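Summary of the model geometry
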Amino acid sequence: GAGVSQSPSNKVTEKGKDVELRCDPISGHTALYWYRQSLGQGLEFLIYFQGNSAPDKSGLPSDRFSAERTGGSVSTLTIQRTQQEDSAVYLCASSPRLSGRFEQFFGPGTRLTVL
Amino acid sequence: AQSVTQLGSHVSVSEGALVLLRCNYSSSVPPYLFWYVQYPNQGLQLLLKYTTGATLVKGINGFEAEFKKSETSFHLTKPSAHMSDAAEYFCAVTKTLAAGNKLTFGGGTRVLVKP
């Protein structure tokens with residue numbers, strides 16, 4: 001079946017502009033995660049959605065970052081007033097609600113470059 | 001708080017030689033441990049995971065890892081490297097298996113396989 005998809009695959013933007021990154025999780029997966037992969041910080045957790053529960057935003061680096069998940073499916077990560085340090089690969093993952101089979105399935109990522 | 005340390009950001013092995021990637025963790029609760037592989041321009045793919053039970057875990061592509069609680073380690077091995085094993089490998093830890101706990105990743109180890 002289809003895996004996690006992310007769009008765009010690459011995004012180049014100018015400092016100060018807003019960007020939106022999209023994630024389509026695997027159908028039926030109730031949990032959705034955003035991670036950031038950068039040279040300086042490695043792989044970092046950003047935010048997690050589970051069903052209708054309040055999201056875990058503990059990993060968001062600043063209030064310029066926000067995310068939403070509409071209808072329990074597609075998610076959008078928004079970065080406002082982008083800075084050069086926001087340049088990274090943003091990875092989305094989804095996970096099924098099946099105990100004992102914990103696995104996060106990752107998308108190919110969106111490479112963000114802030115000039 | 002949890003943390004993961006991968007010893008060696010780069011490892012070079014000859015084709016047919018043993019692959020050994022080191023991972024040590026710190027966790028205040030019994031951990032659940034994972035190894036993921038990332039091929040160029042792709043997302044992360046699960047190689048194997050330790051949850052409970054047998055401490056020697058076998059994964060895909062001939063990889064295995066052994067959970068050693070006394071050493072707080074979860075090293076990844078493969079007896080004979082193949083050219084297709086060239087990739088970046090990440091060790092990760094989480095506190096629960098619920099479909100919704102964030103992964104904490106190590107810094108990654110990039111593997112180069114020499115013919």
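Relevant structure appears above.
Residues numbered from 1 in each chain as written. Chains lettered and ligands numbered in written order. Predicted model: local features only at pLDDT ≥ 70, side-chain atom pairs only at ≥ 80, totals over all residues. Heavy atoms only, no water.

**Focus on the overall build of chain A**
Counting its secondary structure elements, chain A contains zero helices and 10 strands. Secondary structure elements of chain A occur, N-terminal to C-terminal, as β-β-β-β-β-β-β-β-β-β. On C-alpha atoms alone, chain A measures out to a radius of gyration of 14 Å, which is about the 13 Å that the 2.2 N^0.38 rule sets for 115 residues. Each principal axis of the C-alpha atoms in chain A carries an extent, and together these give about 40 × 30 × 25 Å. Across the 115 residues that make up chain A, the buried fraction comes to 49%. A separation of at least 24 residues holds for 55% of the contacts in chain A among residues at least 6 apart in sequence. If you sum the accessible surface of chain A, you get close to 5700 Å²; carbon and sulfur atoms cover 45% of it. (Helix = DSSP H or I, 4+ residues; strand = E, 2+ residues; numbered from the N terminus. Rg over C-alpha atoms; globule rule 2.2 N^0.38 Å. Buried < 20%, exposed > 50% of the residue type's maximum accessible area, 1.4 Å probe, protein only. Contact = heavy atoms within 4.5 Å. Areas by Shrake-Rupley, 256 points an atom, 1.4 Å probe, with all protein chains shown as cover.)

**Some details on the overall build of chain B**
Counting its regular elements, chain B contains zero helices and 11 strands. The C-alpha atoms of chain B give 14 Å as radius of gyration, which agrees with the globular expectation for 115 residues (13 Å, within 12%). With the principal axes as the frame, chain B shows a C-alpha extent of 40 × 30 × 20 Å. In chain B, buried positions account for 47% of the 115 residues. When the accessible surface of chain B is summed, it comes to about 5400 Å², and 54% of that surface belongs to carbon and sulfur atoms.

**Here's the deal with the interface of chain B and chain A**
Taken together, the contact between chain B and chain A spans 19 residues of the former and 21 residues of the latter. Together, the buried faces of chain B and chain A total about 1600 Å²; carbon and sulfur atoms form 59% of this surface. At the boundary of chain B with chain A, the tally comes to zero salt bridges. The interface formed by chain B and chain A contains four residue pairs in polar contact (both at pLDDT 80 or more). Listed by contribution, the elements that provide at least two residues to the side of chain B that touches chain A are β4 (32-38), β5 (44-50) and β9 (87-94) of chain B. For the side of chain B that touches chain A, the per-class residue count stands at 10 nonpolar, seven polar and two charged. (Buried area = accessible area lost by both parts, 1.4 Å probe. Salt bridge = Lys/Arg side-chain N within 4 Å of Asp/Glu carboxyl O. Polar contact = N/O pair within 3.5 Å; in protein donor to acceptor, adjacent residues only side chain to side chain. Nonpolar A, V, L, I, M, F, W, Y, C, P; charged D, E, K, R; others polar.)

**Some points on the sheet that holds strand β1 (residues 5-7) of chain A**
All names here are of chain A. Reading across from one edge, β1-β3-β7-β6 is the order of the four strands in this open sheet, with antiparallel pairing throughout. Where the open sheet ends on each side, the last strands, each with one partner, are β1 and β6 (65-69). In this sheet, adjacent strand axes meet at a mean angle of 15 degrees when their direction is disregarded. Judged from the three bridges that link them, β1 and strand β3 (residues 19-24) form a sheet pairing that is antiparallel. (Pairing = 2+ DSSP bridges. Axes fitted to C-alpha atoms, helices over the stretch in contact; angles between N-to-C directions.)

**Observations concerning the pattern of salt bridges**
One pass over the structure, following the stated rule, counts seven salt bridges over all chains. Across the salt bridge formed by K17(A) and E14(A), the nearest N and O atoms sit 3.7 Å from each other. A salt bridge links R110(B) to E88(B); the shortest N-O distance between them is 2.9 Å. Within this pair, whereas R110(B) is found in strand β11 (residues 109-114), its partner E88(B) is found in strand β9, the two being separated by 22 residues in sequence. We classify R110(B) as partly exposed; its relative accessible area is 41%. Residue classification places E88(B) among the buried positions, given a relative accessible area of 13%.

**Description of the environment of E68(A)**
All names here are of chain A. With respect to the helices and strands, E68 occurs in strand β6. For E68, a relative accessible area of 47% gives the class partly exposed. Spatially, the C-alpha atom of E68 lies 8.7 Å from that of P55, the residues being 13 residues apart in sequence.

**Looking at the environment of T113(A)**
Residues and elements named next belong to chain A. Checked against the element boundaries, T113 lands in strand β10 (residues 110-114). Here the alpha-carbon distance between T113 and I47, two residues 66 residues apart in the chain, equals 20 Å. Not counting chain neighbours up to four residues away, the residues in contact with T113 comprise K11, V12, T13 and S87.

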